[in-house]
Amino acid sequence: MNLFIKNIGQLVTVAANGTRVKRGAQMRELHIHTNASLLIRDGLIAGIGAADDSPPEEMEVLDAAGRTVLPGFVDPHTHTVFAGSRENEFAMRAEGKSYQQIAEAGGGILSTMRAVREATKRDLYRSAERRLNEMLRGGTTTVEIKSGYGLSPEAEMKMLEVIAELRRDHYSTIVGTFLGAHTVPPEYAGDRQGYVDRICDYMMPHVAERKLATFVDVFCETGYFDLKQTEQIILEAKRHGLVPKLHADQLTAMGATELGAKHGAISVDHLEQMTPAGIDALRNSETIATVLPGCSLFLNHPYAPARAVIDAGIPLAIATDFNPGSQMCYSMQMMLTLACTQMRMTPEEAVTAATLNAAAALGMSGAVGSIEPGKQADVVVYDVSDYRTIPYHYGVNHVWKIVKNGVLLDF
Ligand code: NIG
Ligand code: FE
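In this text the structure is predicted, and so the values were computed from the model without any measurement.

A.B. asks: What am I meant to see in the coordination of the iron ion (ligand 2) here?
C.D. replies: Reference geometry at the metal: tetrahedral coordination by four donors gives ideal angles of 109.5 degrees; octahedral coordination by six donors gives 90 or 180 degrees. In this structure, His77 (NE2), His79 (NE2), His247 (NE2) and Asp321 (OD) serve as the protein donors to the iron ion (ligand 2), at separations of 2.1 to 2.3 Å. Within one chain, the residues serving as donors to the iron ion (ligand 2) are arranged as H-x1-H-x167-H-x73-D. Placement of the pair is His77 in the loop between strand E6 (73–75) and helix H1 (87–94) and Asp321 in the loop between strand E13 (316–318) and helix H12 (332–342), with a sequence separation of 244 residues. On the basis of relative accessible area, His77 is assigned to the buried category, the value being 0%.

Dropping the structure here:
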């Protein structure tokens, strides 16, 4: 829990002075200390010094030998707990079928739902644990995980219990989201409203009472849940003290972003089809825009208008959206590359979006997302001498050492 990291070439702190979220030009300011050292006490950041300082007392010392240190990545939107896999759909898309066509043919979310309903909690736990280990090896130290592949009270609770067990056991900091409204399960085929009422009247009270989630999410989309149903779920979530966030503007622009802004959603995520009206709505709100560039790459969809969002002064975060259907990659390093090459973001903006702003998208930027005294010591040492090498030299894992809550991990 006590550690001294010396000889850091670039210490990228991302923020100073306790900034909780960054917008506009602030996103380009990474507060980099060159030739620095970092003091960690009791699992928290205790101080920043010069490269050749010595530890103030007897403690473990890590010699970074000129390498680069960043805050652990925060991945604020994932579907990491799931069973089965969907390479058949990947192959169908390669032959020209669209994500929607595959879903309409019984694939998509329902295909994973069938696998999750059959899986044991132990299977779900084990497979998610392996994925979280790989995420951690890639520099991600905080992960949001959604339910949404159970779609019955029992199977949704099973997923949320697995997420809660992972939160208890895993090195990573984990946050749970109830996504009962991911799609309509077969039991309610033809009765979408009946399923929404079931979520509000039965599932959500259980989730809240057992404290199984922090957030409630809705796939607000044509053919999934409309604005009225989404609003009903948002209002019910707030009544239970759960914080709303939305899948918004992924396939069609139907006003989901505007609805999220109106109700103070902590974030609206996806935004591939976002309109100027959506940008206007966010400009007048506290809601964070979370973009998921991996999803655009994997489905060959348009990218969210990240440049316009940042230029409008709206805080922007990046997440992987890791899931078996639309985004089978959990590397935040790769997301930085996509942000810079496909969304016209600078490396500095991408780093801010994947750390401090991503933490803010989970309401956690007081604890994680930057290297500042008093914050959780979640820091990652990369085997590069310039942080820009991380998005530039892509497709490889640049992580050298991971420090989680002040513990130097040995994997
Ligand atoms: O964020 N858009 C909805 N949900 C996921 C995809 C889920 C799936 O296809 O399994 C997403 O892209
Ligand atoms: Fe998603």
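A.B. asks: I would appreciate a short explanation of the packing of aromatic side chains in the present structure.
C.D. replies: Pairs of aromatic rings are described using the distance from one ring centre to the other and the angle between the two planes. Applying the stated criterion to the full structure yields 7 aromatic pairs. Ring geometry for Tyr188 and Tyr195: centres 5.5 Å apart, planes at 50°, overall tilted. Tyr188 sits in the partly exposed class, given a relative accessible area of 21%. For Tyr195, a relative accessible area of 1% puts it in the buried group. A connected cluster of aromatic rings, assembled from ring pairs, spans Phe82, Phe322 and Tyr330. If you follow Arg198 out to its NZ or CZ, it ends over the ring of Tyr202, 4.2 Å from the centre. Here the guanidinium or amino end of Lys401 rests over the ring plane of Trp400, the centre of that ring lying 5.3 Å away.

A.B. asks: Sorry if this is basic, but what is going on with the site of ligand 1 here?
C.D. replies: Close to ligand 1 lie 16 residues, the nearest being Arg86, Tyr99, Tyr149, Gln250 and Ser326. The contact in question runs from an oxygen atom of ligand 1 to an N or O atom on the side chain of Arg86, over 2.7 Å. Within the side chain of Gln250, one N or O atom sits 2.7 Å away from a nitrogen atom of ligand 1. In isolation ligand 1 exposes 330 Å². Once the protein is present, 100% of that is buried. Class assignment for the residues of the shell around ligand 1 results in 5 nonpolar, 9 polar and 2 charged.

A.B. asks: Explain the domain arrangement of the chain here, please?
C.D. replies: Domain boundaries assigned for the chain yield domain 1 (3–72 + 370–408) and domain 2 (74–360). Computed over C-alpha atoms only, the centres of domain 1 and domain 2 are separated by 29 Å. By the criterion of area lost to domain 2, the three top residues of domain 1 are Arg23, Met27 and Lys404, representing 24% of everything that side buries. Summed over the shared surface of domain 1 and domain 2, the result is 1 salt bridge. Taken together, domain 1 and domain 2 are joined by 11 residue pairs in polar contact (both at pLDDT 80 or more). Contributions of two or more residues to the side of domain 1 that touches domain 2 are made by strand E5 (68–71), strand E14 (379–382), helix H15 (389–392) and strand E15 (399–404). Looking at which element gives the most residues to the side of domain 1 that touches domain 2, the answer is E15, with 3 residues.

A.B. asks: Please explain the side chain of Asp386 as it appears in this structure.
C.D. replies: Relative to the elements of secondary structure, Asp386 occurs in the loop between E14 and H15. A distance of 2.8 Å separates the side chain of Asp386 from the side chain of Arg388, its partner in a polar contact. Other than its neighbours up to four places away in sequence, Asp386 contacts Gln10 and Thr68.

A.B. asks: How should the pairing of E15 be read in this particular structure?
C.D. replies: Moving residue by residue along a regular strand, the side chains alternate between the two faces of the sheet. Examined bridge by bridge, E14 and E15 share 4 bridges and lie antiparallel to one another. Looking at the pairing, Val379 lines up with Val403 of E15. Of the strand pairs in this sheet, E15 and strand E16 (residues 407–408) are connected by 2 bridges, and their pairing is antiparallel. Within the sheet, the bridge partner assigned to Val403 lies in E16 and is Leu408. Connecting E15 to the antiparallel partner E16 that follows it, the hairpin turn spans 2 residues, and Asn405 within it adopts a positive phi of roughly 50°.

A.B. asks: Honestly, the pattern of salt bridges in this entry has me stumped. Any pointers?
C.D. replies: Two side chains bearing opposite charge may form a pair once their charged atoms approach each other closely. Taken as a whole and judged by the stated rule, the model has 23 salt bridges. Between Arg67 and Asp383 there is a salt bridge, with its nearest N and O atoms 3.0 Å apart. In this pair, Arg67 is assigned in the loop between strand E4 (60–63) and E5 and Asp383 in the loop between E14 and H15, connecting sequence segments 316 residues apart. Residues Arg168 and Asp169 are paired through a salt bridge, measuring 2.8 Å at the closest nitrogen-oxygen approach. Residue classification places Arg168 among the exposed positions, given a relative accessible area of 64%. Given the relative accessible area of 39%, Asp169 is considered partly exposed. Several salt bridges share partner residues, and in doing so they unite Glu144, Lys146, Asp217, Lys245 and Asp269 into one network.

A.B. asks: Can you help me understand helix H7 (residues 227–239) in this one?
C.D. replies: Residue pairs three or four apart in sequence face the same way in an α-helix, which turns once every 3.6 residues. Compared with the 18 Å implied by 1.5 Å per residue over 13 residues, the 18 Å span of H7 between its first and last C-alpha is a close match. When H7 is considered as a whole, its buried residues turn out to be Gln229, Thr230, Ile233, Ile234, Glu236 and Ala237. Down the axis of H7, the smallest arc covering the buried residues is 165°, so these residues share one side. Pointing more than 90 degrees away from the buried face of H7 are the exposed residues Lys228 and Arg239. Residues of H7 that are buried in the fold lie against strand E8 (173–181), helix H6 (192–209), strand E9 (215–219), strand E10 (243–248) and helix H8 (256–262). Between a side-chain oxygen at the N-terminus of H7 and the backbone nitrogen of Lys228 the separation is 3.1 Å; the capping residue is Asp226. Just past H7, the residue Gly241 takes up positive phi, approximately 75°.

A.B. asks: Explain the sheet that holds E8 to me, please; I cannot follow it from the model alone.
C.D. replies: Across a sheet, strands are paired by hydrogen bonds formed along the backbone, either parallel or antiparallel in direction. Across the sheet, 8 strands lie side by side as E6-E7-E8-E9-E10-E11-E12-E13; this open sheet has parallel pairing. At either margin of the open sheet sits one strand with a lone partner, and together these are E6 and E13. Sheet twist, expressed as the mean angle between neighbouring strand axes with direction ignored, is 25°.

Conventions adopted
- Residues numbered from 1 in each chain as written.
- Chains lettered and ligands numbered in written order.
- Predicted model: local features only at pLDDT ≥ 70, side-chain atom pairs only at ≥ 80, totals over all residues.
- Heavy atoms only, no water.
- Donors = N, O, S within 2.8 Å, 3.2 Å for Na, K, Ca; no water.
- Helix = DSSP H or I, 4+ residues; strand = E, 2+ residues; numbered from the N terminus.
- Buried < 20%, exposed > 50% of the residue type's maximum accessible area, 1.4 Å probe, protein only.
- Phe/Tyr/Trp six-rings, centres within 6.5 Å; stacked < 30°, edge-to-face > 60°.
- Lys NZ or Arg CZ within 6 Å of the ring centre and 35° of its normal.
- Near = heavy atom within 4 Å.
- Polar contact = N/O pair within 3.5 Å; in protein donor to acceptor, adjacent residues only side chain to side chain.
- Areas by Shrake-Rupley, 256 points an atom, 1.4 Å probe, with all protein chains shown as cover.
- Nonpolar A, V, L, I, M, F, W, Y, C, P; charged D, E, K, R; others polar.
- Domains from an automatic or database assignment.
- Buried area = accessible area lost by both parts, 1.4 Å probe.
- Salt bridge = Lys/Arg side-chain N within 4 Å of Asp/Glu carboxyl O.
- Contact = heavy atoms within 4.5 Å.
- Pairing = 2+ DSSP bridges.
- Expected span 1.5 Å × (residues − 1).
- Arc of directions from axis to C-beta.
- Axes fitted to C-alpha atoms, helices over the stretch in contact; angles between N-to-C directions.

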